[in-house]
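Below are the chains, spelled out letter by letter.
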Amino acid sequence: RSYEDVPLGIFIILEATRAVHQISIKAFDNMLNFDKKYTVLSGKRTPYEWLQYACGNCGVTLGMSTNEMSTLTNGSATVSINDSDGLIATYRDMISYLAAMTCSVAQITRTGNLVLLPYSMIPIRTIANTWRYGSSFSDYETHYTGMYLLYKDSKKSTDEYYHVNNDDGLIYDIGQNPFLEISDSYTRAADMQNIINALSTIYYTPFSITTPGDPALDPMDVLAFTGGQAIPGKYACITSITTKINGQQEIKCVGENPLLASAVTRESKLISIIENVNESQ
């Protein structure tokens, strides 16, 4: 037999409970280090420089280069943090808003470094039905073609809507983002349009499968499927992995039902309109 070491990551143990024959450990990766009170920093910086600032203050290594960051949506923009409403309490909050602005997901690698991962439609694995104990696939795709941004200035709050030409998908309510509180409406519109343009190219089919396991898979990895009830040409990224040592692995990609999401979006929009009217009175 041959063996291969697969690093699972670097974790911080918060709790260890001993039983008669086992020990139960609760641990988190280095993302926990960013749950630290944010120290306000003024001035304009690139996303790479903002991440350097967060990592330097929280003792985490940034696992991306300037060139890698520039390939992200709005990755080369120079932005400041305008947070008059106090939305950013911790460095983790700051990173979350920065990830939304760059149309990416913040993640800690197995070596403990911080990275921003873009959404992708390139599968790294194809899982055949012979490698699935059980599986379920949604009959819809999660696909966004429109986006709301709540922009606030000194006088009022405004819901701004951005979309692609074929606006027939879900609507993403990004809410208020301190990195997108840009007074220059042309620059703000360009940054928002970049986000929805990138997001509109992504089509994910939510799924849940049980397999013998692949320890090399990570969240945000894109998978394709063949056989059984899988539809060829449909992809999804991993949002949840549960692995039992020497046992089975459960992998999921969560997503919204378009009909339910549309209903929620209309209701949220109505509430926002009412709030704006009340503020103007």
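Summarised in this report is the structure supplied together with it. (Residues numbered from 1 in each chain as written. Predicted model: local features only at pLDDT ≥ 70, side-chain atom pairs only at ≥ 80, totals over all residues. Heavy atoms only, no water.)

Residues Val6, Leu8 and Phe11 make up a contiguous nonpolar surface patch of about 290 Å² in total accessible area. Among the structural elements, Phe11 can be located in the segment before strand S1 (12-18). (Patch = residues over 30% accessible without salt bridge, like charges linked within 9 Å, V, L, I, M, F, W, Y side chains within 5 Å. Areas by Shrake-Rupley, 256 points an atom, 1.4 Å probe, with all protein chains shown as cover. Salt bridge = Lys/Arg side-chain N within 4 Å of Asp/Glu carboxyl O. Helix = DSSP H or I, 4+ residues; strand = E, 2+ residues; numbered from the N terminus.)

This part takes up the pairing of S1. Regular strands place their side chains on alternate faces of the sheet. Pairing of S1 with strand S2 (residues 23-28), which is carried by six bridges, proceeds in the antiparallel orientation. Residue pairing for S2: Glu15 is matched across the bridge by Lys26. Taking the residues that link successive antiparallel strands as the turn, the S1-S2 hairpin has four residues. (Pairing = 2+ DSSP bridges.)

Before going further, it helps to examine the sheet that holds strand S7 (residues 144-152). In sheet architecture, strand pairing relies on hydrogen bonds along the backbone and comes in two forms, parallel and antiparallel. Read across the sheet, three strands follow the order S8-S7-S9 without closing on themselves; strand pairing throughout is mixed. Either end of the sheet is taken by a strand with one partner, and the two such strands are strand S8 (157-163) and strand S9 (170-173). Sheet twist, expressed as the mean angle between neighbouring strand axes with direction ignored, is 25°. Taken together, the four bridges between S7 and S9 define a ladder with parallel strand orientation. Along S9, the bridge assignment pairs Tyr148 with Asp173. (Axes fitted to C-alpha atoms, helices over the stretch in contact; angles between N-to-C directions.)

Residues Phe34, Trp50, Met94, Leu114 and Phe179 are the most contacted members of the largest nonpolar core, which totals 45 residues. Broken down by secondary-structure element, the contributors of at least two residues to this core are helix H1 (47-58), helix H3 (91-101), strand S4 (114-118), S7 and helix H4 (185-199). Of all the elements, H3 adds the most residues to this core, at eight residues. Judged by nonpolar contacts, the second largest core, of 16 residues, contains Ile127, Phe225, Ala236 and Ile251. (Core = buried A, V, L, I, M, F, W, Y, C linked by side-chain atoms within 4.5 Å. Buried < 20%, exposed > 50% of the residue type's maximum accessible area, 1.4 Å probe, protein only.)

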